[in-house]
2 protein chains.
Amino acid sequence: MSSLHLEQALIGGRIVADVAVTVEAGTIASVAIGGLPAPDAVRVAGLTLPGLPNLHSHAFQRGMAGLSETRGASDDSFWTWREVMYRFLDKLSPDDVAAIAAQAYAEMLETGFTGVCEFHYLHHDVDGGRYADIAAMASAIAQAAHETGIGLTLLPVFYRFGGFGQLAPSHGQRRFINDPDSFARLVEGSRKAVSSVAGAVVGIAPHSLRAVGAADLEQVRRLAGGAPIHIHIAEQEKEVADCLAWSGQRPVEWLFDHADVDRQWCLIHATHLTLAERDAIAASGAVAGLCPVTEASLGDGIFDGVAFHEGGGVLGVGTDSNIQVGAASELRQLEYSQRLRDRRRARLAPVGGSVGLSLYQATLDGGARASGRAVGAIAPGCGADLVTLDLDHPALVARSGAALLDSAIFAATEMPVREVRVAGQRVVEAGRHVHGDVIRQRFSSVMRRVLG
Amino acid sequence: MSSLHLEQALIGGRIVADVAVTVEAGTIASVAIGGLPAPDAVRVAGLTLPGLPNLHSHAFQRGMAGLSETRGASDDSFWTWREVMYRFLDKLSPDDVAAIAAQAYAEMLETGFTGVCEFHYLHHDVDGGRYADIAAMASAIAQAAHETGIGLTLLPVFYRFGGFGQLAPSHGQRRFINDPDSFARLVEGSRKAVSSVAGAVVGIAPHSLRAVGAADLEQVRRLAGGAPIHIHIAEQEKEVADCLAWSGQRPVEWLFDHADVDRQWCLIHATHLTLAERDAIAASGAVAGLCPVTEASLGDGIFDGVAFHEGGGVLGVGTDSNIQVGAASELRQLEYSQRLRDRRRARLAPVGGSVGLSLYQATLDGGARASGRAVGAIAPGCGADLVTLDLDHPALVARSGAALLDSAIFAATEMPVREVRVAGQRVVEAGRHVHGDVIRQRFSSVMRRVLG
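Here the structure is a predicted model, which means the values were calculated and not measured. (Residues numbered from 1 in each chain as written. Chains lettered and ligands numbered in written order. Predicted model: local features only at pLDDT ≥ 70, side-chain atom pairs only at ≥ 80, totals over all residues. Heavy atoms only, no water.)

Caption draft 1: Representation of the nonpolar core within the structure. Residues and elements named next belong to chain B. Y105, L255, W265, Y360 and M415 are the most contacted members of the largest nonpolar core, which totals 146 residues. Per-element accounting of this core gives the leading share, eleven residues, to helix 2 (residues 94–110). When neighbours within four sequence positions are excluded, Y105 is seen to be in contact with S57, A59, V116, E118, I141, A144, A145, T148 and I150. (Core = buried A, V, L, I, M, F, W, Y, C linked by side-chain atoms within 4.5 Å. Buried < 20%, exposed > 50% of the residue type's maximum accessible area, 1.4 Å probe, protein only. Helix = DSSP H or I, 4+ residues; strand = E, 2+ residues; numbered from the N terminus. Contact = heavy atoms within 4.5 Å.)

What follows is the structure, encoded as structure tokens:
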């Protein structure tokens, strides 16, 4: 058992001082507010937050960040970006993916995320054939999580078809494809692969309605057991149009008709919704998994976060393409897109509430639910996933209370993180991941070979 | 005379290797591409860019970043934010402003800006009375520019009325107000104040159509001589409505009817435009001075950058409220707001062009024009204002050519700046301002007193 004494901490939606926390086997055993530091306690100066769960990542895409920003002859869109992505991943081995994922995860830890939901669809060898160990790529992800110490929810992705109506997969998709039998083996292999990662959870991700059939959804659900189920949905207007053409229904409408969507689900993007679809998601308890920076980068559109949140909907944020990595960047882009649309300030907060605190608390709750792990609060039974901010940073100096979160999110380029613990282990010190140099050098070697 | 040998550099819209630059009295004397390093040349590893001019800053507002993010009982807007700002500046002395401005300018230099247009309206003592030296606050700005080494275009602001129709100023505005005579003395004092700042320019800024009368514009123009004239315009829908109610014309329409707007002018924000207004600005050669992060923070709305730029309009970026400071953050927010509106990618680039390179080059040209200084290019006769990026940064590793700019802007949280020179003098080393510690400590003391 270890003891921490937190100078300030976010607990129960408020910032409080002098918090004694005991940690046993990575989990918070007790929390007491307001006392003096115990003699054996490690004193943690600054403001300590429950680390934010990143609810959507394709880690390997960190390696192609910025490589699809040339304007093509026809108008660029998500779909032209996807072609660039398919060409990039053509070359990657499991070791490459482990190296790139470790870099991405180290950056996440340095910028406020203590957990990641890895939506993992790059399964097979470069020719589309299965690796001897069908879960070799899942092992690469597990290895990166183990090395960096980030909390892991691994979501092996079921990807069967190339488009609505059970289209054959394209050449670019060959490394993603499984039939129901091979996918069951992949899930089994993924469970073994994460056994080295303390506290890891394996959920399931049907990729999208484009990529799976109606019958597949039921099988996927059985494989998940009680673990999280994530799906890409309604990201793009073309996707909505294609779904309507195929089924006569919009994607979210179709999903709710064909699956028992509940709080076990996380609907990634869910950008283009009717009022009825929005209300259905809110009522179901499913998490709306927003990826504000990627959705801006890909020109997806603006999710109506204000109406969804005020209607009781649960939302969280993910870094998705990892074109940029940072909790504040995601929260800011989410809030700013609402402001630009509504031409008003202070959108995702209740009256009288701090936007920073409200956004942080909401995405903590949503991220924790989507991760399927006991995280997201400084409370007994939760993982000791703790992010400590530097109160001497110019953007935070002389602030107190909720204004600390407002300034950390809106006034610093990224949250001024000083140290980070995951399951009680310190993985970031003085703002840098403890293995950051090794991870970065290996990443750089891989990138020089892959892009060279 | 000094000699630099740049490993890579942005010259004439392209990235080229092995650039020999000689600098005389802060100005680039010669540029030669492709040769071997001269024996006496300082070798500059990395990619060197002409530093970006920041065309709009209210430096003191850096001290209130994040302090107006609480949702009020009525819907928050620019106008409620303005009340918070008025209360904050109530307390500031010239020394406080010098300390806050130095912090803001050091951050600008560390994140890619080598010059700033300071739109300076906080002139008078806390009771609204003039300081013994009417330009005491201008001297504080000049002092901060001198200490940090940033290139300065000081724009003393003429602020006379509290609203359209020559309304009396409010209490919150008392420190901004001048009559035409006192303003002429203030401009004279400002010219003296900047005499310690090498290469500084003093322009003129009529604050907005709310704050000046028609006759004032003509006087302002005479005071400017050939120097830049900046004005806030059409930032807010309410401002457009108020202008219509007052004059029957929209702000930009009114301005073009009452002033000879040409390339000497910079129209700050210009968010809400008719097609005719947009075309008038483009045809005039005036710079559209966009402040994407602040405009998102304040919920102003989305400038139609695509149509303006493709119609030949000149644009640049500024950090305005300084709620965040960083060139990449501004450029990214500008491009991303266009993508979210248009639901397409790659907006502010020609077909076949890199968005990063196109955006950077466009805002270099616009920023240089708005600054009234010979900057914005690595070319003979231009100031040696040079920003060098670290090519070993994980977001840049193994990139080349225009992809370096795409990745620096879109894939790093802020541009990975390694060193910065202004007028040939090195002011940032290893990513940190050379006087950063002193500047930050002084800023922190001021903030603890002002906010304490």
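Caption draft 2: Representation of the relation of the copies chain B and chain A in the model. When chain B is fitted to chain A, the residual RMSD is 0.0 Å, and the transformation amounts to a turn of 180 degrees plus an axial shift of 0.0 Å. Expressed as a symmetry operation, the mapping of one chain copy onto the other fits a two-fold axis. Identified as the residue of chain B closest to the rotation axis by C-alpha distance is T413 of chain B, at 3.5 Å. Mapped onto chain A, 100% of the interface residues of chain B are again interface residues, and the two copies thus contact each other with one and the same surface. (Least-squares fit on C-alpha atoms with pLDDT ≥ 70 in both.)

Caption draft 3: Quick look at the layout of surface pockets. Residue and element names in this part refer to chain A. Of the pockets and cavities examined, the second largest pocket occupies roughly 450 Å³. Every residue lining the second largest pocket is counted, 26 residues in all, and those nearest its centre are G149, A198, G199, V422 and A423. Along the lines of polarity and charge, the residues of the lining of the second largest pocket split into eleven nonpolar, twelve polar and three charged. (1 Å grid on protein atoms, 1.4 Å probe; cavity = no way out; pocket = protein on both sides within 12 Å on 5 of 7 lines; lining within 4 Å. Points joined across faces, edges and corners; volume = space filled by probe spheres on them. Nonpolar A, V, L, I, M, F, W, Y, C, P; charged D, E, K, R; others polar.)

Caption draft 4: The arrangement of the sheet that holds strand 14 (residues 386–389) of chain A in detail. Residue and element names in this part refer to chain A. Spatially, 3-2-1-4-14-15-16-17 is the arrangement adopted by the eight strands of the open sheet, whose pairing is mixed. Across the chains shown, the open sheet's two edge strands, defined by having one partner strand only, are strand 3 (27–33) and strand 17 (432–433). Each of strand 1 (2–11) and strand 4 (42–50) touches helix 12 (residues 355–371); the most contacted strand, strand 1, lies at about 125 degrees to it. (Pairing = 2+ DSSP bridges. Axes fitted to C-alpha atoms, helices over the stretch in contact; angles between N-to-C directions.)

Caption draft 5: Region of the structure containing the domain arrangement of chain A. Residue and element names in this part refer to chain A. The domain architecture assigned to chain A consists of domain 1 (2–49 + 378–438) and domain 2 (52–371). The straight-line distance from the C-alpha centre of domain 1 to that of domain 2 is 28 Å. The partner domain 2 presents 29 residues to the 27 residues of domain 1 that form the contact. A combined buried area of about 2100 Å² lies between domain 1 and domain 2, and 65% of that area is made up of carbon and sulfur atoms. On the domain 1 side of the contact with domain 2, I409, F410 and E414 bury the most area, a combined 30% of that side's loss. With a shortest N-O distance of 3.7 Å, E110 and R432 are connected by a salt bridge. Put simply, domain 1 and domain 2 have ten residue pairs in polar contact (both at pLDDT 80 or more) between them. For the side of domain 1 that touches domain 2, the secondary structure elements donating two or more residues are strand 14, helix 13 (402–410), strand 15 (417–422), strand 16 (425–429) and strand 17. (Domains from an automatic or database assignment. Buried area = accessible area lost by both parts, 1.4 Å probe. Salt bridge = Lys/Arg side-chain N within 4 Å of Asp/Glu carboxyl O. Polar contact = N/O pair within 3.5 Å; in protein donor to acceptor, adjacent residues only side chain to side chain.)

Caption draft 6: Structural view of the environment of A135 of chain A. Residues and elements named next belong to chain A. Mapped onto the secondary structure, A135 falls in the loop between strand 6 (113–120) and helix 3 (136–148). In the structure, A135 is positioned 56 residues away from R191 in sequence and 9.2 Å away in space, judged by C-alpha atoms. When near neighbours in sequence (up to four residues on either side) are disregarded, A135 contacts L186, G189 and S190.

Caption draft 7: The arrangement of the pattern of salt bridges in detail. If you walk through the whole model with that rule in mind, you get 52 salt bridges over all chains. Note that E69 of chain A is salt-bridged to R339 of chain B, the shortest N-O span being 2.7 Å. Of this pair, E69 of chain A sits in the loop between strand 5 (52–57) and helix 1 (78–89) while R339 of chain B sits in helix 11 (residues 327–342), which puts the two residues in different chains. For R339 of chain B, a relative accessible area of 0% corresponds to the buried category.

Caption draft 8: Local environment of the packing of aromatic side chains. Counted under the stated rule, the structure contains 22 aromatic pairs over all chains. Plain terms: the ring middles of Y86 of chain B and F176 of chain B are 5.6 Å apart, the flat faces sit at 65 degrees to each other, and that makes the pair edge-to-face. With Y86 of chain B in helix 1 (residues 78–89) and F176 of chain B in the loop between strand 7 (151–158) and helix 4 (180–193), this residue pair connects regions lying 90 residues apart in the sequence. Assigned by exposure class, Y86 of chain B and F176 of chain B land together as buried. Between K238 of chain A and the ring centre of W79 of chain A, over which it is positioned, the NZ or CZ distance is 4.9 Å. Taking the ring centre of F410 of chain A as reference, the NZ or CZ of R339 of chain A above it sits at 5.4 Å. (Phe/Tyr/Trp six-rings, centres within 6.5 Å; stacked < 30°, edge-to-face > 60°. Lys NZ or Arg CZ within 6 Å of the ring centre and 35° of its normal.)

Caption draft 9: Quick peek at empty space enclosed by the protein. Residue and element names in this part refer to chain A. Following the criterion strictly, the structure yields eleven cavities of 30 Å³ or more and no others. Within this model, the largest cavity holds a volume of roughly 180 Å³. Along the wall of the largest cavity there are 18 residues; nearest its centre are F78, W81, H207, R210 and H232. For the lining of the largest cavity, the leading source of residues is helix 1, giving five residues.

Caption draft 10: The side chain of S284 of chain B, seen in detail. All names here are of chain B. Of note, S284 is situated in helix 8 (residues 275–284). Its relative accessible area of 16% is what places S284 among the buried residues. For S284, the side chain forms a polar contact with the main-chain nitrogen of A286, separated by 3.0 Å. Residues within four places of S284 in sequence aside, it is in contact with F256, V261, D262 and R263.

Caption draft 11: Region of the structure containing the interface of chain B and chain A. Across the contact, 75 residues belong to chain B and 75 residues belong to chain A. Interface area lost by chain B to chain A is led by R71, L340 and R345 of chain B, which between them contribute 15%. For the interface between chain B and chain A, the tally reads ten salt bridges. Across the pair R343 of chain A and E237 of chain B runs a salt bridge whose closest N-O atoms are separated by 2.2 Å. Along the contact surface separating chain B from chain A lie 36 residue pairs in polar contact (both at pLDDT 80 or more). For the side of chain B that touches chain A, the elements supplying multiple residues, two or more each, are helix 1, helix 2, helix 9 (292–297), helix 11, helix 13 (402–410) and helix 14 (436–451) of chain B. At seven residues, the largest contribution of residues to the side of chain B that touches chain A is made by helix 11 of chain B. Of the residues that constitute the side of chain B that touches chain A, the class distribution is 30 nonpolar, 22 polar and 23 charged.

Caption draft 12: Quick look at the sheet that holds strand 16 (residues 425–429) of chain B. All names here are of chain B. Sheet architecture is open: eight strands sit in the order 3-2-1-4-14-15-16-17, paired in mixed fashion. Each edge of the open sheet carries a strand with a single partner, namely strand 3 (27–33) and strand 17 (432–433). Here four bridges tie strand 4 (residues 42–50) to strand 14 (residues 386–389), and the two strands are oriented antiparallel to one another. Bridge pairing in strand 14 places P50 opposite L386.

Caption draft 13: Here's a closer look at the packing of helix 11 of chain B against helix 12 (residues 355–371) of chain B. All names here are of chain B. As a packed pair, helix 11 and helix 12 sit with axes 10 Å apart at the nearest point and diverge in direction by 115 degrees. As helix 11 packs across helix 12, the resulting crossing turns out to be right-handed. Here L331, L334, E335 and R339 of helix 11 lie close against helix 12, whose contacting residues are V355, L359, Y360 and T363. Residues belonging to the contact of helix 11 with helix 12 are distributed by class as follows: five nonpolar, one polar and two charged. (Left-handed = near helix turned anticlockwise from the far one by under 90°.)

Caption draft 14: Representation of the environment of M85 of chain A in the model. All names here are of chain A. With respect to the secondary-structure elements, M85 resides in helix 1. For M85, a relative accessible area of 4% translates into the label buried. Placed 30 residues apart in sequence, M85 and L55 show a C-alpha to C-alpha distance of 21 Å. What M85 contacts, discounting residues up to four positions off in sequence, is F60, Q61, M64 and Y121.

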